Amino acid sequence: VKSMLLMIVIVLCISTPVQAKQGKWKKFAKIHQYEAKGMVYDYSYSRDKKEVTILNIDINVGAKNKFKTFRLPSKIKGKKVTKIGGWCNDEYCFRVNVNCDTFIVPNTVKTLHRGCFKALNAKKVVLPDHIKTIPMYCFQGSTVREFKMPKKVNKIERGGFYDCQKLKEISLNSSTMQLGENAFW
């Protein structure tokens with residue numbers, strides 16, 4: 001009887017189509033590249049082609065990789081950058097470290113995806129004030145030392161600042177902040 005129930009469950013799982021809520025973003029979008037100031041940005045468009053997600057940033061061979069201030073672009077080819085990361089759960093946005101004192105995310109960005117700043121080599125990170133959540137493993141293993149929490153953040157998901165060994169100063173804005181497991185461990 002147990003094996004019969006297991007077979008029924010397996011058949012139901014295999015034969016039941018899974019539909020993901022995609023909204024205006026393509027699940028498997030075509031990846032484009034944009035080059036500026038020695039950096040190569042991998043990005044994808046929203047379905048309506050009005051917005052862009054930065055998926056990855058690489059440094060061109062021989063390009064400068066030490067910056068006083070590094071600003072992500074607010075537009076790529078005339079389209080607003082509204083998301084960072086989201087390529088894959090196991091990937092992170094910066095495969096090659098961008099070494100900088102201050103890393104600035106533009107106000108056009110509405111959403112940060114899991115692990116998007118994992119291993120980022122920056123002393124200070126500035127996010128837009130309208131960001132509401134620091135996603136899972138957002139800054140895991142980064143060298144961030146100073147972080148001012150955006151005004152509207154009310155949740156730091158599991159491992160948001162996990163393994164940030166150099167983090168010395170963080171300013172929290174809300175007394176009702178939800179902290180996920182190991183948010184600062």
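Up top is the structure.
Computed from a prediction, not measured in an experiment: that's the story for all the values here.

Visitor: Just checking my understanding: could you explain the pairing of strand β2 (residues 39-45) for this structure?
Guide: Successive side chains on a regular strand alternate, one facing one side of the sheet and the next facing the other. Along β2, 7 of the 7 residues are buried, which leaves the element largely enclosed by surrounding structure. Relative to β2, strand β1 (residues 32-36) is paired through 5 bridges, and the arrangement is antiparallel. Considered in β2, the bridge of E35 is made with V40. Here β1 hands over to β2 after 2 residues, with K37 in that stretch at a positive phi of 50°. Inspection of the sheet shows β2 paired to strand β3 (residues 51-59) by 7 bridges, in the antiparallel sense. Bridged to D42 within β3 is N56. The antiparallel hairpin formed by β2 and β3 contains 5 residues in its connecting segment, where K49 sits at a positive phi of about 60°.

Visitor: Is there a simple way to think about the packing of aromatic side chains in this case?
Guide: Here the distance between the centres and the angle between the planes together describe a pair of aromatic rings. A complete count under the given rule lists 12 aromatic pairs for this structure. Each ring, one from Y43 and one from Y45, has its centre 5.5 Å from the other, and the planes form 85°; the classification is edge-to-face. By relative accessible area, Y45 is classed as buried at 16%.

Definitions and limits used
- Residues numbered from 1 in each chain as written.
- Predicted model: local features only at pLDDT ≥ 70, side-chain atom pairs only at ≥ 80, totals over all residues.
- Heavy atoms only, no water.
- Buried < 20%, exposed > 50% of the residue type's maximum accessible area, 1.4 Å probe, protein only.
- Helix = DSSP H or I, 4+ residues; strand = E, 2+ residues; numbered from the N terminus.
- Pairing = 2+ DSSP bridges.
- Phe/Tyr/Trp six-rings, centres within 6.5 Å; stacked < 30°, edge-to-face > 60°.

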